[in-house]
Amino acid sequence: MAEVSATASPPQHLGPPGGGIGAEKPLRRNGTVGSVLVWAVVVAVLAGPWLERLFDLAAFGAWRTLLVAIVVQGVPFLLLGTVVSAAIGAFVPARVFAKALPRNPVLAVPVAGAAGVVLPGCECASVPVASSLMRRGVAPAAALTFLLAAPAVNPVVLVSTAIAFPGSPEMVAARLAASLVTAVVMGWLWIRLGREEWLRLPTGHAEQAPGAGRWGAFRRGLQHDFLHAGGFLVVGAMAAATFNVLVPPSVLEAFSDSPWLGVLVAATLAVLLSVCSEADAFVAASFTGFSPTARLAFMVVGPMVDMKLIALQSGAFGRAFAWRFCAGTFVVAVLCCVLVGGVLL
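Worth saying up front: this structure is predicted, and the values here are computed from it rather than measured.

Visitor: Explanation requested: the overall build of the protein chain in the structure shown.
Guide: Scanning the protein chain from terminus to terminus reveals 15 helices and zero strands. Across the 345 residues of the protein chain, 50% fall into the buried class. A fraction of 83% describes how many contacts in the protein chain between residues 6 or more apart in sequence connect residues 24 or more apart. Put simply, the protein chain shows about 15,100 Å² of open surface, and 71% of that area lies on carbon and sulfur atoms.

Printed below as a string of structure tokens:
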């Protein structure tokens, strides 16, 4: 694939000059979709008790509670990510990234993975930040590596893992190693096997609007990214809540005794439950019937592939990319967990 280098110029604005009516259409469309989905959550919350009494839908109450919990859990981190994304686009010159990252994308990938260690954030925040990095000319492989690493290996996640598994520093080390290796391997695989037509590169919007000023560009970028990504967060939360309600725990317990099936089931659970990376260690610690490697797989896969991320990546980079990249990440993450777990756990 013709990889975009770390020093490439940012993509040019595709709308009409001067930021006219045509330039506003994507923003308005994304804002409308995001607003509709947000209002759907509001209606579900307000009308939920009435619908439960009217139709005797006890399951709807559980679904509504889970939906709200996932959205409320994800929105602060999504807002953080969109603020960082808008700030990068409005205030950070492209030359900063050219100096910070090696020119060779193969070397830029591990540097981007290491950068994720020092930036606290959730998976909801990583997608808009990675999108903004690509708009600023960062090589897609490096931006995607950061997308995977930042929510999985940052200090907040590692501390929460140590608290959830007291007296087990090997679990913290295993999570750090498996997550970082997965992120770097996926970056290198994108360089080797990725195709330009799979990835819908994000185009400049607010930060390139002529005459808007830096603060105007920041405002427009924040509005665009938050409304666009917020709608897909709601879609992912709906899917995760539906799974939680429809699948009884007894179905999952039947697979916990098998070491190999346990790893796959725990990894699949991470995708479907969509628990925030700052809290997933406590959920994994409660899976006492699963092996340590299976619990490791839950913590490594979740921040990299879950229902929220699939929806967010589909909105930011296109469905063709999201399904391929998420499927590849799932396989690589499971293999890394088995290898690292076999050595450290």
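On we go.
Visitor: I keep staring at the confidence of the model for the protein chain and nothing clicks. Help me out?
Guide: Caution applies to low-pLDDT parts of the model: their predicted coordinates are not meant to be read in detail. Within the protein chain, residue pLDDT values average 74, and 66% of them lie at 70 or more. Looking over the protein chain, one finds the lowest element-wise mean pLDDT in helix α1 (residues 21–55), namely 53, and the highest in helix α8 (residues 169–193), namely 94. For residues 1–31, every residue scores under 50 in pLDDT, and the model assigns this stretch 59 contacts once sequence neighbours within four places are set aside. Counted against residues more than four places away or in other chains, residues 206–211, with its pLDDT under 50, gives 15 contacts.

Visitor: How do you make sense of the pattern of salt bridges when you look at a structure like this?
Guide: Side chains carrying opposite charge are able to pair once their charged atoms draw close together. Applying the stated criterion to the full structure yields one salt bridge. Between Lys308 and Asp306 there is a salt bridge; the shortest N-O distance is 3.0 Å. Given the relative accessible area of 2%, Lys308 is considered buried. Its relative accessible area of 0% is what places Asp306 among the buried residues.

Visitor: Can you walk me through the packing of helix α4 (residues 105–115) against α8 in this structure?
Guide: The description of two helices packed together rests on the angle between their axes and the distance between the axes. Relative to each other, α4 and α8 sit at 155°, their axes nearing to 9 Å. The angle between the axes of α4 and α8 places the two elements in the roughly antiparallel class. Considering only the axes of α4 and α8, their crossing is right-handed. Here Pro105, Val106, Val109, Pro110, Gly113 and Ala114 of α4 lie close against α8, whose contacting residues are Leu180, Val184, Gly187, Trp188 and Ile191. A breakdown of the residues in the contact of α4 with α8 according to their chemical character gives nine nonpolar, two polar and no charged.

Visitor: Sorry if this is basic, but what is going on with the environment of Ala141 here?
Guide: Among the secondary structure elements, Ala141 is positioned in helix α6 (residues 140–153). Separated by 47 residues in sequence, Ala141 and Trp188 place their C-alpha atoms 6.9 Å apart.

Visitor: What should I look at first to understand the environment of Leu201 in this one?
Guide: Counting through the fold element by element, Leu201 comes out in the loop between α8 and α9 (213–246). The spatial distance from the C-alpha of Leu201 to the C-alpha of Gly318 is 8.7 Å, given a sequence separation of 117 residues. With residues up to four places along the chain from it excluded, the contact list for Leu201 reads Met134 and Pro140.

Visitor: Any chance you could explain the side chain of Thr145 here in plain terms?
Guide: With respect to the helices and strands, Thr145 occurs in helix α6. Relative accessible area serves as the criterion here: at 0%, Thr145 is assigned to the buried category.

Visitor: Would you explain the packing of aromatic side chains in this entry?
Guide: Centre distance and the angle of the planes are the two values used to describe a pair of aromatic rings. Inspection of the entire model under this criterion finds four aromatic pairs. Look at Trp190 and Phe321: their rings are 5.6 Å apart centre to centre, the planes differ by 80°, and that puts the pair in the edge-to-face class. Residue Trp190 is located in helix α8, and its partner Phe321 is located in helix α15 (residues 319–344); the two are separated by 131 residues in the primary sequence. With 4.9 Å between their ring centres and 20° between their planes, Phe321 and Phe325 make a pair best called stacked. A residue pair is termed a helical-turn pair when its members lie 3 or 4 positions apart in one helix, as Phe321 and Phe325 do in helix α15 at four residues. Here Phe321 matches Phe325 in class, with each residue buried. Every member of this aromatic cluster is reached through a ring pair, and the members are Trp190, Trp198, Phe317, Phe321 and Phe325. Sitting over the face of the ring of Trp198, Arg195 holds its NZ or CZ atom 6.0 Å from the ring centroid.

Cut-off values and rules
- Residues numbered from 1 in each chain as written.
- Predicted model: local features only at pLDDT ≥ 70, side-chain atom pairs only at ≥ 80, totals over all residues.
- Heavy atoms only, no water.
- Helix = DSSP H or I, 4+ residues; strand = E, 2+ residues; numbered from the N terminus.
- Buried < 20%, exposed > 50% of the residue type's maximum accessible area, 1.4 Å probe, protein only.
- Contact = heavy atoms within 4.5 Å.
- Areas by Shrake-Rupley, 256 points an atom, 1.4 Å probe, with all protein chains shown as cover.
- pLDDT = per-residue confidence, 0-100.
- Salt bridge = Lys/Arg side-chain N within 4 Å of Asp/Glu carboxyl O.
- Axes fitted to C-alpha atoms, helices over the stretch in contact; angles between N-to-C directions.
- Parallel < 35°, antiparallel > 145°, perpendicular 65-115°, else oblique.
- Left-handed = near helix turned anticlockwise from the far one by under 90°.
- Nonpolar A, V, L, I, M, F, W, Y, C, P; charged D, E, K, R; others polar.
- Phe/Tyr/Trp six-rings, centres within 6.5 Å; stacked < 30°, edge-to-face > 60°.
- Lys NZ or Arg CZ within 6 Å of the ring centre and 35° of its normal.

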